[in-house]
Amino acid sequence: MPAAPLKFAYWVPNVSGGLVTSRIEQRTDWDYAYNRELAVLAENNGFEYALSQVRYMASYGAEFQHESTSFSLALLLATERLNVIAAVHPGLWHPGVLAKFGATADHLSNGRFAVNVVSGWFKGEFTALGEPWLEHDERYRRSEEFIRALRQIWTEDHTELAGDFYRLRDFTLKPKPLNTPERPHPEIFQGGNSTAARAMAGRVSDWYFSNGKDFDGVVEQIADVRAAADLAGRTAPRFGLNGFLIARDTEAEARDTLREIVAHADRDAVEGFGAAVKQAGQSTADRKGMWQDSSFEDLIQYNDGFRTGLIGTPEQIAERVVAYKKLGVDLFLLGFLHYHEEVEYFGRRVLPLVRELEAQLPETGPETEAEAAAVTVPAHV
């Protein structure tokens, strides 16, 4: 049986400052008119998903922010095929309220709404809003309970939940979201790199988003998430990988662009962000989590997108993308420097090469962990 084609998503620039914390020119905009045009362009250039970011206040180069769920709905209504994922924070949302919003958005978009449950790294947002800031693993316990509640509300009547964080008493949602055998409810994505995040993904999530990673990092994470799913007796979530894509006609051009991004980095903003996020993993028992081994250069793209290595010619990037697919990656979540131009370039120059290479793969699913670890990576990627 042939493996499913790779899926591609893009970060919605609904937050000012672009996708790199650098003073280099970024031909992008956080307003709706720009993003409406971008969404149509993206769905016509091979993108199946878009992820709306969530920030509630100015921070680390992101002075202005549009709210993620309302912005996602606007993009859904402006497109025909694109699935739009709204990032949300448990602790700032009640699962019943989000379930109601999601059901309406799903009907209005004919089944294209999805959600990304974000456990939270920015303590300042919670304290500024007067909400308690939980310890790291407690934030993931709350997120897991949030997802369990959300799925139950979307698929069952008379929901009852007496949890540590949420309580539901004979709650029934009508109308429910659209329901098909392939998609019984809106897809539930989840991020995080820590041990708690990986275990939670295995137990409850449909998709697991990873920060940017090299091949070894991806193999390790996929193995951990699949092991957690096995323990829970469920099918493992699909795996999404973050990457900042710099595709140019020559490798030298692509590398020069990366060097220019780094040379013009907003040092104060990058260092402030690094100090804020590294406390997340440092508060865990095993000191394992997002951004714990991220360098200054990595943090310029605030989800470690450079580490995925999608930098070079269309041919080099296509080879690397398909090498990741052989390890078990199902989706790439991409950011760009100049969105409109580069999304179109991706659809015209990179994606056809990816599909050609996929067509040459054996008709099997993702390889076993041992086989994945033995994948030969082209020297230039």
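Preceding this paragraph is the structure being described.
Note that the structure is a prediction, hence the values are computed from the model and not measured.

**Observations concerning the packing of aromatic side chains**
Applying the stated criterion across every chain yields a total of 22 aromatic pairs. Note on Phe-146 and Tyr-166: the rings are 5.8 Å apart at their centroids and 65° apart in plane angle, and the pair reads as edge-to-face. A residue pair is termed long-range when its members are at least 10 positions apart, and Phe-146 in helix α5 (residues 136–155) and Tyr-166 in the loop between β5 (159–162) and β6 (167–171) qualify at 20 residues. There is no split in this pair, since Phe-146 and Tyr-166 are both buried. Judged by centre distance (5.6 Å) and plane angle (85°), the rings of Phe-244 and Phe-306 are edge-to-face. Taken together, the residues span a long stretch of sequence, with Phe-244 in strand β9 (residues 238–244) and Phe-306 in the loop between α10 (296–300) and β11 (311–312) at a distance of 62 residues. Of the two residues, Phe-244 and Phe-306, neither departs from the other in class, the shared state being buried. Each residue in the set Phe-8, Tyr-10, Phe-47, Phe-215, Tyr-324, Phe-332, Phe-336, Tyr-339 and Phe-346 is aromatic and connected to the rest through ring pairs, giving one cluster. Stacked on the ring of Tyr-302, the Lys or Arg Arg-55 has its end atom at 5.7 Å from the ring centre. Across from the ring centre of Phe-296, 4.1 Å away, lies the NZ or CZ of Arg-267, which sits over that ring.

**Examining the sheet that holds strand β12 (residues 331–335)**
Strand order in this closed barrel of eight strands is β1-β2-β3-β4-β7-β8-β9-β12, and the pairing throughout is parallel. For this sheet, the mean inter-axis angle between neighbouring strands, taken without regard to orientation, is 25°. In this structure, strand β7 (residues 188–190) lies alongside strand β8 (residues 207–210), joined through two bridges in parallel fashion. In the strand pairing of β8, Phe-189 is matched with Trp-207.

**A closer look at the packing of helix α1 (residues 32–43) against helix α12 (residues 339–359)**
Between α1 and α12, whose axes approach to 10 Å, the crossing angle comes to 5°. In this view, α1 runs roughly parallel relative to α12, as classed from their interaxial angle. Residues Tyr-34, Glu-37, Leu-38, Leu-41 and Ala-42 of α1 pack against Tyr-339, His-340, Val-343 and Glu-344 of α12. Its residues assigned to classes, the contact of α1 with α12 shows six nonpolar, one polar and two charged.

**Section: the pattern of salt bridges**
Going through the model one piece at a time under the given rule, you end up with 25 salt bridges. Two residues, Asp-266 and Arg-23, come together in a salt bridge whose shortest N-O distance is 3.4 Å. Placement of the pair is Asp-266 in the loop between α8 (251–263) and α9 (267–282) and Arg-23 in the loop between β1 (7–12) and α1, with a sequence separation of 243 residues. Overall, the relative accessible area of 60% leaves Arg-23 in the exposed class. A salt bridge links Glu-341 to Arg-27; the shortest N-O distance between them is 2.7 Å. Taken together, the residues Glu-341 in helix α12 and Arg-27 in the loop between β1 and α1 connect sequence positions 314 residues apart. Residue Glu-341 is classed as partly exposed on the basis of its relative accessible area, which comes to 37%.

**Regarding the pairing of β12**
Most of β12 is tucked away, with five of its five residues classed as buried. Side chains of β12 alternate between two faces, with Leu-331, Leu-333 and Gly-335 and Phe-332 and Leu-334 buried alike. Of the strand pairs in this sheet, β1 and β12 are connected by four bridges, and their pairing is parallel. Note on β12: the bridge partner recorded for Ala-9 is Leu-333. Pairing of β9 with β12, which is carried by five bridges, proceeds in the parallel orientation.

**Considerations on the side chain of Asn-303**
Inspection of the secondary structure assignment puts Asn-303 in the loop between α10 and β11. A distance of 2.9 Å separates the side chain of Asn-303 from the side chain of Asn-211, its partner in a polar contact.

**Some details on the nonpolar core**
Residues Phe-8, Tyr-10, Phe-47 and Phe-332 are the most contacted members of the largest nonpolar core, which totals 105 residues. Apart from residues no more than four positions distant in its own chain, Phe-8 is found in contact with Gly-46, Phe-47, Glu-48, Tyr-49, Val-321, Phe-332, Leu-334, Phe-346, Leu-351, Val-354 and Arg-355.

**Description of the packing of α1 against helix α2 (residues 68–78)**
Viewed as axis vectors pointing N to C, α1 and α2 meet at an angle of 50°, and their least axial separation amounts to 9 Å. As judged from the angle between their axes, α1 and α2 are oblique. By crossing handedness, the relation of α1 to α2 is classed as right-handed. Residues Tyr-32, Asn-35, Arg-36, Ala-39 and Val-40 of α1 form the contact with α2, whose own contacting residues are Phe-71, Ala-74, Leu-75 and Ala-78. Its residues assigned to classes, the contact of α1 with α2 comprises seven nonpolar, one polar and one charged.

**Some details on unusual backbone geometry**
Each neighbour pair has its own omega, and for Lys-174 with Pro-175 the value is -5°, a cis peptide bond. Its location among the elements puts Pro-175 in the loop between β6 and β7. Unusually for a residue other than glycine, His-158 sits at a positive phi of about 55°. Residue placement: His-158 occurs in the loop between α5 and β5. Since its relative accessible area comes to 52%, His-158 is described here as exposed.

Conventions we followed
- Residues numbered from 1 in each chain as written.
- Predicted model: local features only at pLDDT ≥ 70, side-chain atom pairs only at ≥ 80, totals over all residues.
- Heavy atoms only, no water.
- Phe/Tyr/Trp six-rings, centres within 6.5 Å; stacked < 30°, edge-to-face > 60°.
- Helix = DSSP H or I, 4+ residues; strand = E, 2+ residues; numbered from the N terminus.
- Buried < 20%, exposed > 50% of the residue type's maximum accessible area, 1.4 Å probe, protein only.
- Lys NZ or Arg CZ within 6 Å of the ring centre and 35° of its normal.
- Pairing = 2+ DSSP bridges.
- Axes fitted to C-alpha atoms, helices over the stretch in contact; angles between N-to-C directions.
- Parallel < 35°, antiparallel > 145°, perpendicular 65-115°, else oblique.
- Contact = heavy atoms within 4.5 Å.
- Nonpolar A, V, L, I, M, F, W, Y, C, P; charged D, E, K, R; others polar.
- Salt bridge = Lys/Arg side-chain N within 4 Å of Asp/Glu carboxyl O.
- Polar contact = N/O pair within 3.5 Å; in protein donor to acceptor, adjacent residues only side chain to side chain.
- Core = buried A, V, L, I, M, F, W, Y, C linked by side-chain atoms within 4.5 Å.
- Left-handed = near helix turned anticlockwise from the far one by under 90°.

Worth remembering: the numbers are spatial, not functional.
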